[in-house]
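So the chains spell out like this:
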Amino acid sequence: MKRIIALAAVWLGLGAAAPPAPPADMALWRLDCGSVLVGDLNVFSDTYAYTGRTKTLTDSCYLVRHGGQYLLWDTGFPKELVGKSETDGAFTASMKVSLVDQLARIGVRPDQVTYVGISHRHDDHTGQLPEFPHATLLIGAGDFETLKARKSDRITPWTRGGGKVEPVTGDKDVFGDGSVIMLDMPGHTEAHHSLLVRLPRTGPVLLTGDLYHFAENRATGGVPGFNTSRSLTMASMARFESIARNLHARVIIQHEPADIAKLPLFPAAAR
Ligand SMILES: [Zn+2]
């Protein structure tokens, strides 16, 4: 009987140490990481949903303050793009300001960034990674393997420079208190993640990564033909929508220009 009670206590989580409470001074900033003119919107639909259409998307990065620590979520295009415009296939990318310059405006130095979390390995999310060599890199294990296999110079500080990296499998509770969680959402790439940020006043915010690219894409469940897995993408979308519903979360599609207005305009932050 005693053993049964003990087992039940374990099962119910009784006696386990409660997770630390999130700090009251958490904050979330949206950072500008450039914009992309998409010349053929059908690159985001493997069912030809957007034939003949073009669209300008935004490229967003985010900074989360958690007590005295910072998590930078995604790093946009490379800083060399600042003030320029470059075309690659259906995409024309441009960028006005670097991450380091934006962080300086709110008094944050690159070496104060504790973690850099990467939603996935694509170029428009990893460009300014090398500016944060002191940060612990959090990236889906499958995406990290692909970058290593391709000998990407974006990850050199962590493959050869002695930087600390934590390849993520499944979900990752970044600060150990449930306030910031990398959510396992594979399909766009091998180990793509979205980010849940639970702010004390604003409430839960979900950053999509590239699970969706724009609002219509989410409404109609559009799957880009270049995703690594259609079936995993569909499963991730189902999980994401359940989380959004259950938590009554504010969903921000990172590439959707209309979603910029869902957070205070930089340098202001959501709290
Ligand atoms: Zn992508």
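Above: the structure in question.
Residues numbered from 1 in each chain as written. Predicted model: local features only at pLDDT ≥ 70, side-chain atom pairs only at ≥ 80, totals over all residues. Heavy atoms only, no water.

Q: Explanation requested: the overall build of the protein chain in the structure shown.
A: Across its full length, the protein chain carries 7 helices and 13 strands. A compact globule built from 271 residues would reach a C-alpha radius of gyration of about 18 Å, and the protein chain, at 19 Å, matches this within 12%. Going through the 271 residues of the protein chain one by one, you find that 49% of them count as buried. For the protein chain, the proportion of contacts with a sequence separation of at least 24, taken over those separated by at least 6, is 66%. (Helix = DSSP H or I, 4+ residues; strand = E, 2+ residues; numbered from the N terminus. Rg over C-alpha atoms; globule rule 2.2 N^0.38 Å. Buried < 20%, exposed > 50% of the residue type's maximum accessible area, 1.4 Å probe, protein only. Contact = heavy atoms within 4.5 Å.)

Q: Quick question: what am I supposed to make of the coordination of the zinc ion here?
A: Ideal values for angles at a metal depend on the geometry: 109.5 degrees with four tetrahedral donors, 90 or 180 degrees with six octahedral donors. Taken together, the protein ligands of the zinc ion are H120 (NE2), H122 (ND1), H188 (NE2) and D210 (OD), with distances of 2.2 to 2.3 Å. The coordination sphere of the zinc ion comprises 4 donor atoms, whose angles at the metal cover 87 to 172°; the geometry is irregular. Sequence spacing of the donor residues for the zinc ion, all on one chain, is H-x1-H-x65-H-x21-D. With H122 in the loop between strand 6 (113-118) and helix 3 (123-126) and H188 in the loop between strand 10 (180-184) and strand 11 (193-199), this residue pair connects regions lying 66 residues apart in the sequence. Since its relative accessible area comes to 18%, H122 is described here as buried. Look at H188 and you get buried, because its relative accessible area is 3%. (Donors = N, O, S within 2.8 Å, 3.2 Å for Na, K, Ca; no water. Tetrahedral: all angles 85-135°; square planar, octahedral: opposite > 155°, others 65-115°.)

Q: How do you make sense of the environment of H255 when you look at a structure like this?
A: Mapped onto the fold, H255 is located in the segment after strand 13 (250-252). By relative accessible area, which is 2% here, H255 ends up buried. Considered as a pair, H255 and T58 are 197 residues apart in the sequence and their alpha carbons are 4.7 Å apart. If we ignore the near neighbours within four places in the chain, the residues touching H255 are L57, T58, D59, D124, H125, D210 and H213. Among the polar contacts made by the side chain of H255, one reaches the main-chain carbonyl oxygen of T58 at a distance of 2.7 Å. At 3.2 Å, the side chain of H255 forms a polar contact with the side chain of H125. (Polar contact = N/O pair within 3.5 Å; in protein donor to acceptor, adjacent residues only side chain to side chain.)

Q: Please clarify how the sheet that holds strand 8 (residues 165-168) should be interpreted in this entry.
A: By definition, the strands of a sheet pair up through backbone hydrogen bonds, in either a parallel or an antiparallel sense. The strand order 4-5-1-2-3-6-7-8 describes an open sheet built from 8 strands, whose pairing is mixed. Edge positions in the sheet fall to strand 4 (84-88) and strand 8, since each has one partner strand and no second. Between one strand axis and the next, the sheet turns by 20° as a mean value, whatever way the strands run. Relative to strand 3 (residues 69-73), strand 2 (residues 55-66) is paired through 5 bridges, and the arrangement is antiparallel. Each residue of the ladder has a partner; that of L63, found in strand 3, is L72. Relative to strand 7 (residues 136-140), helix 4 (residues 141-149) is tilted by about 100°, and along the sheet it contacts strand 7 and strand 8. (Pairing = 2+ DSSP bridges. Axes fitted to C-alpha atoms, helices over the stretch in contact; angles between N-to-C directions.)

Q: Explanation requested: the pattern of salt bridges in the structure shown.
A: Pairing is possible between side chains of opposite charge, provided their charged atoms come close. Throughout the structure, instances matching the rule amount to 11 salt bridges. We note a salt bridge from E145 to K148, for which the minimum N-O separation is 3.1 Å. One end of the pair, E145, and the other, K148, are both in helix 4, 3 residues apart, so they sit about a helical turn from each other. Relative accessible area serves as the criterion here: at 35%, K148 is assigned to the partly exposed category. The partner of E166 in a salt bridge is K172, with the nearest N and O atoms 2.6 Å apart. (Salt bridge = Lys/Arg side-chain N within 4 Å of Asp/Glu carboxyl O.)

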